[in-house]
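# A closer look at the structure
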Amino acid sequence: PADGGSAVGASLLKSKSVPAHVVRDWQQADWQELPEKDYGTDFPRLFFIPQRPKVLTFAVLLVLVGLCLTVWKSALEQVGLTSFLFLKFLSLPVVSVVFTYAHIWGALWMTFYPLEFFGIAGMQLPEQPWGLGWQGIVPSKVRKMATIFIRNLTSKLLSVEEIFGRLDANSLAREIDGGLSETLLRVIDEVGWEVAPRTWKKMPETVKEELILRVREESPQLLGEVLQEAKGNIDSVFDMEEMVVHALQKDKALLNHCFLCCGFNELEFIRDTGAFMGLFFGVVQMVQQFLFPAGWMLPVFGVVVGLLTNWLALKMIFEPVHPTPVLGGRIVLQGVFLTRQYEVAAMYAKIFIENVINARRIVPAMINGQRAGALCDLIRREVEMAVDRCAGSVQPLIAMTVGKEPYEEAKALATDRVIANLPTVFFTAEAYIDEALDLEQLLTERVRSMDVGDFEQLLHPVFQEDEWILILLGGILGFIVGMLQWHILGT
């Protein structure tokens, strides 16, 4: 299932360690989902006030145009260039600049937005951005992208064993001990009144005090054994990939936030470069139309410029992967995103650790994930043994008083109640878990030390599959603009 919900329920029900009603309660519990978060993500603006040098350059160009239409008007008419014809030729680079700048910005925007499919409901191809409508490439492929992302991370940067190795079983047990002790005491009292109320009421206070004492003694041992065994077989009880994929599927804005924060400078650079590419191709087109007038060349040129500029813009982000000197080393070419690996590493690590590797995501994934059955089997076994140990020397008296079967029934009921309270118990250690799993600095250093080729593979596969759609869109828009120019300007 896309969100893993049905698989989660099946995993726990199959294990039979968690009562069915508890599984249903867990799936509907508030702690299952984090509240929606506004990340305040910025996207390069389409309209903005340029820097002063660009404004001055534009002002100088306007002055030159004004001179051509006034002071130099007669000189231009002598070579057959009337004011109207001059403006027609001038419109070519102007339109090219506006068109190229706008469609490159549009291609970048369509990579990330809209977060949800915009179009006719039910008419989107599975895990594709298009259909009878559009969804941003990144959010439409979030499951696949998140899978690639976490596999690269755990294979090249941080293993699951290394992440959980930072949790000390004894320290975690101390954090949880108080909550677990209180839960055990409350559960024993509740079960006593439910299973054998008369016997429980008449039971000597010394026996109850013995039970309470043993519960307080057993809690740390129970926790230590559970946590130590879980850490030693972490892959069998916890699926990191499932947790990350589920988190990003539920919060598509988070993946966008990660890419846009890390690559904001590059996106702005590519947007601005679009205007310069448009100016270059516009001037070439103007010269071509002056020397070889042909109206049909306008849509042809539009297609070529649309395809080529979008292709160049997308390639500039990640290619060349390695620094490539040209002109005898005077110029070194490299993907604009890859040149900032050192700076990007810190942002990447901060966003990932703060929003994904934390107790609020790990605890639900461990006790309600697809491998939660194995963990709950382990916990149930240890809790049942702990209940027997708590009964200790008074166990024969309890069994004799209420009978063996009621005792076993009471033990099973007590275990069910303890397991039902697991989320509350584990969340008491939320602060410790987050502090112990503070991997931001370590992840930053490892991303910085990655080979640039591995760094490129960490993020580039996200875009590669659907680059052709954005390139093709540039060609289509170029053809439309060219046809409009031909219709308006003629030859």
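Everything numeric in this text was worked out from a predicted model, so none of it was measured.

Within the protein, the secondary structure is distributed over 26 helices and 4 strands. In summary, the protein has a C-alpha radius of gyration of 33 Å against a globular reference of 23 Å for 491 residues, an excess of more than 25%. Seen through its principal axes, the protein has C-alpha atoms that stretch 120 × 50 × 30 Å. Within the span of the protein, comprising 491 residues, buried residues form 47% of the whole.

Next up on the list: the pattern of salt bridges. If you walk through the whole model with that rule in mind, you get 17 salt bridges. One salt bridge in this structure joins Arg271 and Asp272, with 2.9 Å as the shortest N-O distance. A relative accessible area of 2% places Arg271 in the buried class. Here Asp272 falls in the buried class, since its relative accessible area comes to 18%. Through salt bridges with shared partners, a single ionic network connects Arg186, Glu190, Glu194 and Arg417.

Here we take up the packing of helix H3 (residues 52-69) against helix H5 (residues 83-112). Between H3 and H5, the shortest axis-to-axis distance is 10 Å and the interhelical angle comes to 155°. Between H3 and H5, the angle falls in the class roughly antiparallel. In this structure, H3 contributes Val65, Cys68 and Leu69 to the contact, and H5 contributes Ser83, Phe86, Leu87 and Leu90. Here the residues of the contact of H3 with H5 are counted per class, giving 6 nonpolar, 1 polar and no charged.

Applying the stated criterion across every chain, the model contains 11 aromatic pairs. Pairing Phe43 with Phe112 gives two aromatic rings, centres 6.4 Å apart and planes at 65°, and the pair type is edge-to-face. Within this pair, whereas Phe43 is found in the loop between helix H2 (20-28) and H3, its partner Phe112 is found in helix H5, the two being separated by 69 residues in sequence. You can call Phe43 buried: its relative accessible area is 15%. Cation over ring: Arg360 sits above Phe427, and NZ or CZ is 4.2 Å from the ring centre.

On to the environment of Phe426. Residue position: Phe426 is located in helix H21 (residues 422-427). Separated by 328 residues in the primary sequence, Phe426 and Val98 place their C-alpha atoms 57 Å from one another. If we skip the residues at most four places from it in the chain, Phe426 touches Ile176, Leu227, Val363, Ile367 and Ile433.

Core analysis: the largest hydrophobic core is formed by 113 residues, its most contacted members being Phe238 and Ile357. If we skip the residues at most four places from it in the chain, Ile357 touches Ile163, Met240, Met243, Phe352, Ile362, Leu437 and Leu439. Counting 8 residues, the second-largest nonpolar core is a separate cluster that includes Cys68, Leu76, Leu92 and Leu298.

The α-helix advances 3.6 residues per turn, and as a result positions three or four apart in sequence lie on the same side. Its 15 residues place the ends of helix H7 (residues 142-156) 21 Å apart at the C-alpha level, agreeing with the 21 Å of an ideal helix rising 1.5 Å per residue. Buried within H7 we find Val142, Met145, Ala146, Thr147, Phe149, Ile150, Asn152 and Leu153.

Take the pairing of strand S1 (residues 118-124) next. Every other side chain in a regular strand lies on the same face of the sheet, so the side chains alternate between the two faces. One ladder, built from 3 bridges, connects S1 with strand S2 (residues 130-134); its direction is antiparallel. Residue pairing in the sheet places Gly119 in a bridge with Gly133 of S2.

It is worth spelling out the environment of Gly106 at this point. Within the element layout of this structure, Gly106 appears in helix H5. Counting along the chain gives 335 residues from Gly106 to Gln441, while the straight-line C-alpha distance between them is 36 Å.

Moving on: unusual backbone geometry. In this chain, Tyr113 is followed by Pro114 through a cis amide linkage whose omega measures -5°. Omega for the bond connecting Glu319 with Pro320 falls within 30 degrees of zero, at -5°, which places this linkage in the cis form. One can find Pro320 in the loop between helix H15 (297-318) and strand S3 (324-326). Phi angles above zero are rare outside glycine, and Glu127 is one such case at about 55°.

What the rule picks out here adds up to 0 disulfides. Cysteine Cys258 is unpaired, with the sulfur of Cys262 as its nearest cysteine sulfur at 4.5 Å. Sulfur of Cys261: no disulfide; nearest cysteine sulfur belongs to Cys262 and is 6.8 Å away. Overall, the relative accessible area of 28% leaves Cys261 in the partly exposed class.

It is worth spelling out the environment of Tyr113 at this point. Inspection of the secondary structure assignment puts Tyr113 in the loop between H5 and S1. Tyr113 sits in the buried class, given a relative accessible area of 19%. Distance from Tyr113 to Gly192, taken between C-alpha atoms, is 58 Å for residues 79 residues apart in sequence. Dropping the residues within four chain positions of it, Tyr113 is found in contact with Thr41, Phe43, Trp134, Gln135, Gly136, Asn256 and Leu260.

Our focus in this paragraph is the side chain of Arg340. Its location among the elements puts Arg340 in the loop between strand S4 (331-333) and helix H16 (341-355). Here the side chain of Arg340 touches Glu266 through a polar contact of 2.4 Å, side chain to side chain.

In the predicted model, the protein carries a mean pLDDT of 81, and 91% of its residues have values of at least 70. By mean pLDDT, the top-scoring element of the protein is H3 (89), and the lowest-scoring one is helix H1 (residues 5-15) (57).

Rules and cut-offs
- Residues numbered from 1 in each chain as written.
- Predicted model: local features only at pLDDT ≥ 70, side-chain atom pairs only at ≥ 80, totals over all residues.
- Heavy atoms only, no water.
- Helix = DSSP H or I, 4+ residues; strand = E, 2+ residues; numbered from the N terminus.
- Rg over C-alpha atoms; globule rule 2.2 N^0.38 Å.
- Buried < 20%, exposed > 50% of the residue type's maximum accessible area, 1.4 Å probe, protein only.
- Salt bridge = Lys/Arg side-chain N within 4 Å of Asp/Glu carboxyl O.
- Axes fitted to C-alpha atoms, helices over the stretch in contact; angles between N-to-C directions.
- Parallel < 35°, antiparallel > 145°, perpendicular 65-115°, else oblique.
- Contact = heavy atoms within 4.5 Å.
- Nonpolar A, V, L, I, M, F, W, Y, C, P; charged D, E, K, R; others polar.
- Phe/Tyr/Trp six-rings, centres within 6.5 Å; stacked < 30°, edge-to-face > 60°.
- Lys NZ or Arg CZ within 6 Å of the ring centre and 35° of its normal.
- Core = buried A, V, L, I, M, F, W, Y, C linked by side-chain atoms within 4.5 Å.
- Expected span 1.5 Å × (residues − 1).
- Pairing = 2+ DSSP bridges.
- Disulfide = S-S within 2.5 Å.
- Polar contact = N/O pair within 3.5 Å; in protein donor to acceptor, adjacent residues only side chain to side chain.
- pLDDT = per-residue confidence, 0-100.

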